[in-house]
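# Chain and residue survey
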Amino acid sequence: MHTTSPVSPREAVAALPAYSAGKPPKAAEGYTPYKLSSNENPWGPAPAAAQAVRDVTTLHRYPNPGAEQLRAALAEHLAVPFEDIVTGAGSLGALTQLISAFAGTGSDGQQDEVIYAWRSFEAYPIVVRTAGAQDVPVPVMDDGRHNLEAMTAAISDRTRVILLCTPNNPTGPALSHQEVTDFLATVPSHVVVVIDEAYLEFVRSDDPVDALALYREHPNVVVLRTFSKAHGLAGLRVGYAIGQPAVTEHLRKVAVPFAVSAVAEAAAIASLEHLDEVNQRVESIVQERERVVAALSQAGWAIPETQANFVWLPLGAGAVDFAQAAGAQALAVRPFDGEGVRVTIGEPEANDRFIELCRTYSGGPGVS
Ligand SMILES: *Cc1c(COP(=O)(O)O)cnc(C)c1O
């Protein structure tokens, strides 16, 4: 835009990158298009969740202000107190509440600091900087894992929040329970540690993080979860945070009222009541993931371990080129220029096409 406008946003906002969401696939002659760019569940929600949406008859009424019915269902399902759960418009909504409640610019004009691994979830810097806080990204290691030692070393007097993303989007590895336990021992107790478990249900590692146990032990631990991925309800925007009341009371204060719609609440409750169907979908995605990982490895690709519903191709400068090659076959994937490409595990046919592309693509990491 070249117009000069008399209005301007806050400095922090002017300097923000725009969130760039995964793109839909472009049509290509002879190919069924597939969207592998947003880590969505290709199988959709349990049928009962979709039915619950159709059954909502109170579209002219405001929803429950605090999503009380969903929180009651979650409290029972997870065996945690009702007061410890705060819902949001996606777990991103809950994270936004957490950051705006705990980090910003102090009355001395100094910015609070929020530490996170990088590359990680693209929304983190946006949420942190919008709140007026300073983000402190700590590079992930070559294998895509959090560098927890470096994250401890990054803690300063101004650190207010640390974000752990496990499994890490977009690189894939999960933290172990031991790693997180040891890490928490290095963090001052007034610093809030968020464990973002958006992909929890896909984890099949030996020592998975028991984040609920950690929040029960540590008043400064907050767990983030979502219905967007395993439950296949990304379009409805519903997620939640779990923390002790000394945390959640503040999250509730900064919440956008009625952020979880009546439709989203009904679908999420129905999904919890049909977990066996959700788990079947998750299991089929995990099986497909194992198939894709094995095929890539056989084709000579060296990629980080993934515990999520996507794989990371550390292509560096070749990221955009690979995404274009995928796009030419109507596969939308997610390139991060100069770093790599994240590819969601999708329908078997989509995964087949992706595998074949990797087999024939010259210049993959570790490919000789
Ligand atoms: C997808 C994702 C979320 C959740 O997004 P919502 O749809 O807002 O619940 C949160 N964290 C990470 C790391 C994600 O990849």
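Here is what the cut-offs are and how they apply
- Residues numbered from 1 in each chain as written.
- Predicted model: local features only at pLDDT ≥ 70, side-chain atom pairs only at ≥ 80, totals over all residues.
- Heavy atoms only, no water.
- UniProt positions renumbered as here; feature names shortened; annotations may be inferred.
- Pairing = 2+ DSSP bridges.
- Helix = DSSP H or I, 4+ residues; strand = E, 2+ residues; numbered from the N terminus.
- Axes fitted to C-alpha atoms, helices over the stretch in contact; angles between N-to-C directions.
- Buried < 20%, exposed > 50% of the residue type's maximum accessible area, 1.4 Å probe, protein only.
- Arc of directions from axis to C-beta.
- Contact = heavy atoms within 4.5 Å.

The name that an unreviewed UniProt entry assigns to the chain is Aromatic amino acid aminotransferase, with the source organism given as Nesterenkonia sphaerica. The record in UniProt for the chain states the following under Sequence similarities (unreviewed entry): "Belongs to the class-II pyridoxal-phosphate-dependent aminotransferase family." A UniProt comment under Subunit (unreviewed entry) is attached to the chain, and it reads "Homodimer."

In space, the three strands of this open sheet follow the order S9-S12-S11, with antiparallel pairing throughout. Since the sheet does not close on itself, it has two edges, and those belong to strand S9 (310-313) and strand S11 (334-336), each with one partner. Each strand of the sheet is rotated relative to its neighbour by a mean of 20°, with strand direction disregarded. For S11 and strand S12 (residues 340-344), the ladder comprises three bridges, and the chain directions are antiparallel. Bridged to arginine 334 within S12 is arginine 342.

When helix H3 (residues 68-78) is considered as a whole, its buried residues turn out to be Leu70, Arg71, Leu74, Ala75 and Leu78. Seen along its axis, H3 keeps its buried residues to an arc of 135°; they face one direction. For H3, the exposed residues set more than 90 degrees away from the buried face come down to Gln69 and Glu76. Along its buried surface, H3 packs onto strand S2 (85-88), helix H8 (211-217), strand S7 (221-226), strand S8 (239-242), helix H9 (245-254) and helix H10 (262-273). Immediately beyond the C-terminal end of H3, within one or two residues, lies alanine 79, with a positive phi of roughly 55°.

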